[in-house]
Amino acid sequence: MGFTIAIDGPAAAGKGTISRAVAAHFGFAHLDTGLLYRAVGAKMLAGEAPVDAARNLVPEDLESDELRSPGVAQAASKVAVIAEVRAALVDFQRAFARRAGGAVLDGRDIGTVICPEAEAKLFVTATAEVRATRRFLELTQKGTVTTLEEVLADVKARDERDMNRAEAPLRPAGDAVLIDTSTLAIEEAVAKAIAAIEARRAD
Ligand code: CDP
Ligand code: CDP
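Cut-offs used in this document
- Residues numbered from 1 in each chain as written.
- Chains lettered and ligands numbered in written order.
- Predicted model: local features only at pLDDT ≥ 70, side-chain atom pairs only at ≥ 80, totals over all residues.
- Heavy atoms only, no water.
- UniProt positions renumbered as here; feature names shortened; annotations may be inferred.
- 1 Å grid on protein atoms, 1.4 Å probe; cavity = no way out; pocket = protein on both sides within 12 Å on 5 of 7 lines; lining within 4 Å.
- Helix = DSSP H or I, 4+ residues; strand = E, 2+ residues; numbered from the N terminus.
- Contact = heavy atoms within 4.5 Å.
- Near = heavy atom within 4 Å.
- Polar contact = N/O pair within 3.5 Å; in protein donor to acceptor, adjacent residues only side chain to side chain.
- Sits in = over half its atoms within 2 Å of the grid points.
- Nonpolar A, V, L, I, M, F, W, Y, C, P; charged D, E, K, R; others polar.
- Points joined across faces, edges and corners; volume = space filled by probe spheres on them.
- Axes fitted to C-alpha atoms, helices over the stretch in contact; angles between N-to-C directions.
- Parallel < 35°, antiparallel > 145°, perpendicular 65-115°, else oblique.
- Areas by Shrake-Rupley, 256 points an atom, 1.4 Å probe, with all protein chains shown as cover.
- Left-handed = near helix turned anticlockwise from the far one by under 90°.
- Core = buried A, V, L, I, M, F, W, Y, C linked by side-chain atoms within 4.5 Å.
- Buried < 20%, exposed > 50% of the residue type's maximum accessible area, 1.4 Å probe, protein only.

Novice: Would you mind going over the UniProt feature "binding site: ATP" (unreviewed entry) in the chain with me for this structure?
Specialist: Taking the numbering used here, the UniProt-annotated feature "binding site: ATP" (unreviewed entry) corresponds to Gly9, Pro10, Ala11, Ala12, Ala13, Gly14, Lys15, Gly16 and Thr17. Taking the annotated residues in turn, Ala11, Ala12, Ala13, Gly14, Lys15, Gly16 and Thr17 line the largest pocket. Structurally, Gly16 is set in helix H1 (residues 15-26). Those residues in contact with Gly16 that lie beyond four places of it in its chain are His30 and Asp106.

Novice: Is there a simple way to explain the site of ligand 2 in this structure?
Specialist: Taken together, 18 residues sit near ligand 2, with Arg38, Arg86, Arg135, Arg158 and Asp162 positioned nearest. In the model, an oxygen atom of ligand 2 is placed 3.5 Å from a nitrogen or oxygen of the Ala12 main chain. Here Arg86 contributes a side-chain N or O atom positioned 2.8 Å from an oxygen atom of ligand 2. Structurally, ligand 2 is housed in the largest pocket. Its residues assigned to classes, the shell around ligand 2 comprises five nonpolar, four polar and nine charged.

Novice: Mind showing me how you'd approach the side chain of Thr112 here?
Specialist: With respect to the helices and strands, Thr112 occurs in helix H6 (residues 110-114). Reaching out from Thr112, the side chain makes a polar contact with the backbone oxygen of Asp109 at a distance of 3.4 Å. Beyond its immediate stretch of four places on either side in the chain, Thr112 contacts Asp8, Arg171, Pro172 and Ala173.

Novice: Looking at this model, I keep getting lost on empty space enclosed by the protein. Mind explaining?
Specialist: Using a probe with the size of a water molecule, rolled over the atoms, empty space left in the structure can be pinpointed. Under the counting rule described, the total for this entry stands at one cavity of 30 Å³ or more. The computed volume of the largest cavity comes to approximately 40 Å³. Secondary-structure elements contributing two or more residues to the lining of the largest cavity are strand S1 (4-8), H6 and strand S4 (120-125). With three residues, the single largest contributor to the lining of the largest cavity is S4. Of the residues belonging to the lining of the largest cavity, the class tally is six nonpolar, two polar and three charged.

Novice: Would you mind showing me how to read the packing of helix H2 (residues 34-45) against helix H4 (residues 70-79) here?
Specialist: When two helices pack together, their arrangement is captured by the angle between the axes and the distance separating the axes. Direction vectors running N to C along H2 and H4 enclose 100°, while the axes themselves pass 7 Å from each other. As far as their axial angle goes, H4 and H2 are roughly perpendicular. Counting all contacts with H2, which are made through Tyr37, Arg38, Val40, Gly41, Ala42, Met44 and Leu45, the residues of H4 involved are Gly71, Val72, Ala73, Ala75, Ala76 and Val79. Class assignment for the residues of the contact of H2 with H4 results in ten nonpolar, two polar and one charged.

Novice: How do you make sense of the site of ligand 1 when you look at a structure like this?
Specialist: Taken together, 15 residues surround ligand 1, and among them Lys15, Gly16, Thr17, Arg135 and Glu138 come closest. Interatomic distance of 2.9 Å between a backbone N/O atom of Ala12 and an oxygen atom of ligand 1. Contact with the protein chains removes 80% of the 540 Å² of surface that ligand 1 exposes when unbound. Those elements that provide at least two residues to the shell around ligand 1 are H1, helix H7 (128-141) and helix H9 (186-202). Grouping the constituent residues of the shell around ligand 1 by class yields seven nonpolar, four polar and four charged.

Novice: How should I be thinking about the packing of H7 against helix H8 (residues 148-164) in this particular structure?
Specialist: Where H7 contacts H8, the two axes come as close as 9 Å, and the packing angle between them is 120°. It follows from the interaxial angle that H7 and H8 lie oblique. Of the two possible hands of crossing, H7 and H8 adopt the one that is right-handed. Note on element contacts: H8 touches H7 through Leu148, Val151, Leu152, Val155, Lys156, Arg158 and Asp159, opposite Ala128, Glu129, Arg131, Ala132, Thr133, Arg135, Phe136 and Leu139. Here the contact of H7 with H8 is built from residues that sort into eight nonpolar, one polar and six charged.

Novice: When you look at the nonpolar core in this model, what are you seeing that I'm missing?
Specialist: The nonpolar side chains of a soluble globular protein tend to be buried with one another. Membership of the largest hydrophobic core comes to 21 residues, with the highest contact counts inside it found for Ile5, Ile18, Val22, Leu122 and Ile197. Broken down by element, this core gets its largest block of residues, six residues, from H9. Those residues within four positions of Ile18 in sequence are excluded, and the remaining contacts are Ile7, Val124, Thr181, Ala189, Val190 and Ala193. Membership of the second largest hydrophobic core comes to 17 residues, among which are Ala42, Ala53, Leu57 and Val72.

Right, dumping it as structure tokens:
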């Protein structure tokens, strides 16, 4: 039987890290839905119309390392306000969510729009400063030249755009469990997430 876990939250809150650990724990498949918007954003930067790019996306488009760059993240949050772009990506995400073996999807609107019927929903958050510091460390470890101030400004600009758009704005679903990871080690955040999901599975 299918079981869908929806994990939403702002940039660098720990959604991906928690999602991967949760998927491994339950033996479920995982989809990082941010990659869909990043792939469309990258194609827009390369000159393609975002709506066409979203409609013609293929799995190989999600595999480029370039998708992790701050420039592509900003472009992703710009194409993500376009209703037709979001609409073009819905069916793929819903089919993934309902796969027989169980699925974990992380993003911004999984518990609210893509899978309002998900059996378990988490909203993962942390202060903007903590999130920017984590993302800054990741980027510098990969050799990207940037500053903490620049990363913090990037994160705040994306949060603003994601929370204030008309279409599928970033907000916790009414029945989501909130996990603030600001002062949590990864292992603690993962343990909280698994405990919250186990509680829903027992219902
Ligand atoms: O997917 P999302 O953008 O929400 O965040 P992530 O990629 O899972 O996490 C961003 C960074 O924060 C990664 O380098 C994680 O290792 C780190 N992290 C952390 O230091 N403490 C946590 N409790 C969660 C994540
Ligand atoms: O990893 P991080 O949290 O920094 O970003 P991401 O999850 O890869 O998402 C990149 C951008 O895509 C976000 O800032 C959102 O604008 C958009 N996005 C969205 O609108 N809806 C989703 N379900 C996932 C991402």
